Amino acid sequence: MTDDGRLLGVDERRQVTALPGGGFVSDDGREPKELPADARVSMNLWGFTPAFHRVLREAMDAAADASEEAEVLLPEVVARSLATSSFTVLPAAGRCVGVTHPDDLSLVSAELNRQVASGERPAGLWPSLR
């Protein structure tokens, strides 16, 4: 990431777990195996302009004939498009929790409940509409 927040690259890592003393370890067979505690993560929260939807559609169309196990991985689509598109990174200080697997539900629920109890977030979305 540049000083003005422009994304320079994407390095998708898998099977990442926290280490007891801080930092992380990745069991995806790539180096470095250990990742620093301050490594930036995306958690796949992206906002795209309508113009980028064409790139996303092309990626989906290219995968249409793939097997059922094939995935279109958003970080990989973004990484491939860095030559022709630019992205701005907006850092956030909050805790990252996964939301893509059914086993994540209890962790996400506990974290949201903690944030509501501490006043970090309202108990419901759009409280002004109640």
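Residues numbered from 1 in each chain as written. Predicted model: local features only at pLDDT ≥ 70, side-chain atom pairs only at ≥ 80, totals over all residues. Heavy atoms only, no water.

Student: Is there a simple way to think about the sheet that holds strand β2 (residues 24-26) in this case?
Tutor: Hydrogen bonds along the backbone pair up the strands of a sheet, which may run parallel or antiparallel. An order of β1-β2-β3 is seen for the 3 strands of this open sheet, with the pairing classed as antiparallel. Here the strands that pair on one side only, and so sit at the sheet edges, are β1 (16-18) and β3 (34-35). Relative to β2, β1 runs antiparallel, the two sharing 3 bridges. Paired with Val16 across the two strands is Ser26, which belongs to β2. (Pairing = 2+ DSSP bridges. Helix = DSSP H or I, 4+ residues; strand = E, 2+ residues; numbered from the N terminus.)

Student: So what exactly am I meant to see when it comes to the pattern of salt bridges here?
Tutor: A side chain of one charge can pair with a side chain of the opposite charge if their charged atoms are brought near each other. Counted by the stated rule, this structure contains 8 salt bridges. For Asp27, the salt bridge identified is with Lys33, shortest N-O distance 2.7 Å. (Salt bridge = Lys/Arg side-chain N within 4 Å of Asp/Glu carboxyl O.)

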